[in-house]
Amino acid sequence: MITYEQCQAMDRADPLAPVQDLFDRPPGGRIYLDANSIGAMPKAAPQRLRQLMADGWSRDRRRSWSTGEWLSAPKRLGDRIAPLIGAAPGEVLVCDSTSINLFKLLAGALKLRPGRRVIVSEAGNFPSNLYIAQGLDDLLGQACEFRLVPEGDDPAGYIDQDTAVLSLSLVDYRTGQRLHMDRLTQVAHQAGALALWDLSHAAGAIPVDLNAAGADFAVGCTYKYLCGGPGAPAFLFTAGRHQDAVKPALTGWMGHAAQFEFATGYVPAPGIGRQLCGTPPVLANAVLETALEIWSTLAPHDIHAKHAALSRLLIGLLDQRCPGVPLVSPRAYGSQGGHISISHPDGAALVEALARRGVICSHRAPDTVRFGLGPLTLRYGDLWHAVDRLADILADETWRVAAPASEI
Ligand SMILES: Cc1ncc(COP(=O)(O)O)c(C=O)c1O
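Keep in mind that what you see is a predicted model, and the values were worked out from it rather than measured.

Topic: the overall build of the protein
Link 1 in the chain: For the protein, the helix and strand inventory stands at 12 helices and 12 strands.
Link 2 in the chain: Compactness check: the protein gives a C-alpha radius of gyration of 22 Å against a globular reference of 22 Å for 408 residues, within 12% of the reference.
Link 3 in the chain: For the protein, the spread of C-alpha atoms along the three principal axes comes to 70 × 55 × 40 Å.
Link 4 in the chain: When contacts within the protein are restricted to residue pairs at least 6 apart in sequence, those whose partners lie at least 24 apart make up 73%.

Structure follows, in structure tokens:
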């Protein structure tokens with residue numbers, strides 16, 4: 001039997017509790033269980049943005065390119081993300097969107113495996129990941145074939161001597177199911193293929209160790225658990241051993257070896273920098289940096305221990321208060337991602353009813369309700385209140401009168 005007092009005691013013992021004060025907590029006692037969608041706002045972000053606009057933009061204008069460290073931001077921010085995903089300094093870059101980074105790295109992986117043309121992915125992968133691979137398949141014609149693993153099948157069985165790259169999301173965006181990155185990367189390598197991982201629903205929540213797994217490439221969103229803000233640029237990872245061998249697919253001037261010599265011919269920059277394409281999003285990078293400055297002060301072990309405890313508590317409370325509701329996510333933490341999902345036949349209406357009671361979560365068709373657990377801002381007591389309200393809504397069936405809203 002879990003009590004509210006136990007949840008409060010967990011909050012008092014939480015080594016990450018002081019970090020909550022560094023984030024905006026909107027009035028009204030809302031409980032945000034949507035870090036899998038957009039993470040919380042660092043309190044420092046609005047002031048950083050105002051200052052950048054006043055000094056960097058309004059006053060200094062173009063001179064800020066040399067004084068404002070704007071051009072070094074993609075690598076600087078990447079180095080701040082690296083420890084959270086098991087990467088070394090110089091292996092992570094912040095730029096573009098996750099979809100665009102996926103395009104760049106899939107194309108690069110295909111070029112690294114001449115004679116092989118297959119991209120293997122799961123049918124249940126995030127749609128943009130599928131569309132990007134379909135687009136590459138279309139663009140490259142005979143040089144590329146996109147092979148989809150049916151939902152529920154083990155991707156290992158679909159990798160063969162034609163496979164150039166295995167492209168998977170570490171965590172399923174609906175169920176929260178975590179794949180075995182180490183094993184699948186190994187299977188890909190044994191077949192001579194490369195492994196590319198989308199860490200969007202993992203980075204900033206669960207332990208990720210790209211280099212221990214031997215991963216070749218990775219991408220991920222920064223606006224989810226990492227709290228980089230709406231539309232924040234994504235990150236990409238290229239293992240050090242591939243950086244100077246991989247040919248960029250988008251050969252823009254920011255990835256040129258000497259971008260300010262304005263030469264006619266393209267020469268890729270050494271290292272991770274060649275994965276840059278165009279001008280960095282300076283304002284968005286500044287906002288993301290306020291979040292990454294917070295992450296850089298924290299021990300990854302504390303972050304992951306808190307996230308694991310939140311996940312366990314949520315499942316315990318759901319079992320206790322909502323026993324008839326099926327859990328979609330696996331029960332073992334080692335198989336879970338950043339969020340915990342349940343299923344409900346009218347999930348969209350349930351999410352709306354919860355929002356009206358101050359609990360913000362998300363729905364994915366047809367029947368999945370997702371609770372994204374941001375370890376830096378959530379309190380254990382929040383989960384008590386959220387499940388308490390969920391139990392009330394299920395008991396009095398107020399979700400039946402809620403109009404489903406359109407959502408992304
Ligand atoms: C797993 C996954 N990959 C890729 C994306 C797309 O990211 P972007 O819109 O930055 O391209 C998302 C967006 O939610 C996602 O959940």
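That shown, we press on.
Concerning the sheet that holds strand E3 (residues 118-122)
Link 1 in the chain: Sheet architecture is open: 7 strands sit in the order E2-E8-E7-E6-E5-E3-E4, paired in mixed fashion. Lying at the two open borders of the sheet, with one neighbouring strand each, are strand E2 (92-94) and strand E4 (145-149). Pairwise comparison of adjacent strand axes, ignoring direction, gives a mean angle of 20° for this sheet.
Link 2 in the chain: Judged from the 5 bridges that link them, E3 and E4 form a sheet pairing that is parallel. Of the residues in E4, the one forming a bridge with Ser-121 is Leu-148.

Some thoughts on the site of the ligand
Link 1 in the chain: As a matter of local geometry, the ligand sits amid 13 residues, with Ser-97, Thr-98, Ser-99, Phe-126 and Ser-200 nearest to it.
Link 2 in the chain: Looking at the shell around the ligand, the elements that each hand over two or more residues are helix H5 (98-112) and helix H6 (127-140).
Link 3 in the chain: Here the shell around the ligand is composed, by residue class, of 4 nonpolar, 8 polar and 1 charged.

Let's talk about the domain arrangement of the protein
When the parts come together, some accessible area is lost, and that loss is often what is quoted as the size of the interface.
Link 1 in the chain: Looking at the protein, the domain boundaries give domain 1 (4-32 + 299-401) and domain 2 (48-295).
Link 2 in the chain: Computed from C-alpha atoms alone, the centre-to-centre distance between domain 1 and domain 2 is 29 Å.
Link 3 in the chain: On the side of domain 2, 16 residues touch domain 1, which itself brings 21 residues to the contact.
Link 4 in the chain: When residues of the side of domain 1 that touches domain 2 are traced back to their parent elements, those giving at least two are helix H10 (300-321) and strand E9 (339-343).

Some remarks on unusual backbone geometry
Link 1 in the chain: Note that the residue after Ala-365, namely Pro-366, is joined by a cis bond; omega there is 0°.
Link 2 in the chain: Despite not being glycine, Glu-69 has its phi angle at roughly 55°, a positive value.
Link 3 in the chain: Among the structural elements, Glu-69 can be located in the loop between helix H3 (64-67) and helix H4 (73-81).
Link 4 in the chain: For Asp-96, which is not glycine, the phi dihedral falls at a positive 50°.
Link 5 in the chain: Within the fold, Asp-96 resides in the loop between E2 and H5.

Some details on helix H9 (residues 282-295)
In an α-helix, one turn spans 3.6 residues, which is why side chains three or four residues apart end up on the same side.
Link 1 in the chain: Look at H9: 20 Å from first C-alpha to last across 14 residues, which is about the 20 Å you get at 1.5 Å a residue.
Link 2 in the chain: Burial within H9 is extensive, with 10 of its 14 residues counted as buried.
Link 3 in the chain: Buried within H9 are the following residues: Ala-284, Asn-285, Ala-286, Val-287, Leu-288, Glu-289, Thr-290, Ala-291, Leu-292 and Trp-295.
Link 4 in the chain: On its buried face, H9 sits against helix H2 (44-59), H4 and E2.

Some points on the packing of helix H1 (residues 4-12) against helix H12 (residues 380-396)
Link 1 in the chain: Interhelical geometry of H1 versus H12 gives an angle of 150° and a closest axis separation of 7 Å. If you check the angle between H1 and H12, you find them roughly antiparallel. Between H1 and H12, the contacting residues are Tyr-4, Cys-7, Gln-8, Met-10 and Asp-11 on the first element and Tyr-380, Gly-381, Leu-383 and Trp-384 on the second.
Link 2 in the chain: Of the residues contributing to the contact of H1 with H12, the split by class is 6 nonpolar, 2 polar and 1 charged.

Criteria and cut-off values
Residues numbered from 1 in each chain as written. Predicted model: local features only at pLDDT ≥ 70, side-chain atom pairs only at ≥ 80, totals over all residues. Helix = DSSP H or I, 4+ residues; strand = E, 2+ residues; numbered from the N terminus. Rg over C-alpha atoms; globule rule 2.2 N^0.38 Å. Contact = placed C-beta atoms within 7 Å. Pairing = 2+ DSSP bridges. Axes fitted to C-alpha atoms, helices over the stretch in contact; angles between N-to-C directions. Near = placed C-beta within 6 Å. Nonpolar A, V, L, I, M, F, W, Y, C, P; charged D, E, K, R; others polar. Domains from an automatic or database assignment. Expected span 1.5 Å × (residues − 1). Buried ≥ 20, exposed ≤ 12 C-beta atoms within 10 Å, placed from the backbone. Parallel < 35°, antiparallel > 145°, perpendicular 65-115°, else oblique.

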